[in-house]
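# An overview of the molecular structure
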Amino acid sequence: MIVTLIVLCEVGFWVLLAAGLALRYLAKKPRLGAAVLLCEPLLEIVLLVVTAIDLKNGAEPDWKHGLAAVYIGFTVGLGHSTIRWVDARVAHRFAGGPPPVKPPKYGMERAVYEWKTAARWTVAAVTALALLQAAIWYVGGDGDVTSLQSWQRTMLFVIGINVVIAGSYTLFPKRSPGASG
């Protein structure tokens, strides 16, 4: 049931995003479109509540409960930037908006961009870590929480990878083809 709900939340995210942007740009109802987009966090609240109820009713904590925490964390950390990214493209394509800004390719500007990206992924992973830890405490000593702890290690790995990538752009900035030295 949890996996099905995660899939429904993901589908719901994209349906709400499409509906919100269609209302904003095609129906010319920006306030209604924004209201629809603001309903998106309700999906994560439902997923959180259902996951907690499932654990409360005696379900053994497993990878599905961990995946729910990770999904919520990633929505918190990356959902807003995903919406902004799609919004910029829809505005350009359907509403005569400016072309989307492309990320910088070179130098410290690229390093700053990579650190901002790493920060979003870190927020996602830390949120997931916190939810996973809350689930571990919620289950207490009565259940096997190794799958939840495994997800926690994975989230630490996600943070590490993003820091390494951002750090590499800082320590070894890519130079533009026309730059000397």
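Our subject in this report is the structure included herewith. (Residues numbered from 1 in each chain as written. Predicted model: local features only at pLDDT ≥ 70, side-chain atom pairs only at ≥ 80, totals over all residues. Heavy atoms only, no water.)

### Comments concerning the overall build of the protein
Here is the rule: Secondary structure elements are taken from DSSP: a helix is a run of H or I of four residues or more, a strand is a run of E of two residues or more, and numbering for both begins at the N terminus. Accessibility here uses a 1.4 Å probe with only protein chains present; expressed as a share of the type maximum, an area under 20% marks a residue as buried, one over 50% as exposed, and anything in between as partly exposed. Two residues form a contact once any of their heavy atoms are found within 4.5 Å. Accessible surface area values rest on a Shrake-Rupley calculation with a 1.4 Å probe, where residue burial reflects the displayed protein chains alone. Charge assignment: positive for Lys and Arg, negative for Asp and Glu; neither His nor the chain ends contribute. Charge placement uses NZ in Lys and CZ in Arg. For Asp and Glu, CG and CD serve respectively.
Regarding its fold elements, the protein presents six helices and zero strands. Along the protein, from the amino end to the carboxyl end, the secondary structure elements read α-α-α-α-α-α. The principal-axis extents of the C-alpha atoms in the protein amount to approximately 60 × 50 × 20 Å. Counting every position in the protein, which comprises 181 residues, the buried fraction comes to 36%. Counting contacts in the protein only where the partners sit at least 6 residues apart, residues at least 24 apart contribute 72% of the total. Total accessible area computed for the protein in this model is approximately 10900 Å², and 69% of it derives from carbon and sulfur atoms. Placing the 17 positive and 11 negative side-chain charges of the protein at their respective mean positions leaves the two points 18 Å apart.

### A word on the pattern of salt bridges
Here is the rule we go by: Definition used for salt bridges: Asp or Glu carboxyl oxygen within 4 Å of a side-chain nitrogen of Lys or Arg.
Applying the stated criterion across every chain, the model contains three salt bridges. Aspartate 87 is the salt-bridge partner of arginine 24, the closest N and O atoms lying 3.1 Å from each other. Placement of the pair is arginine 24 in helix H1 (residues 2–26) and aspartate 87 in helix H4 (residues 63–95), with a sequence separation of 63 residues. Given the relative accessible area of 22%, arginine 24 is considered partly exposed. Between glutamate 114 and arginine 110 there is a salt bridge; the shortest N-O distance is 2.7 Å. Residue glutamate 114 and its partner arginine 110 are located together in helix H5 (residues 107–139), separated by four residues, close to a single helical turn. Considered together, glutamate 114 and arginine 110 belong to a single accessibility category, that of buried residues.

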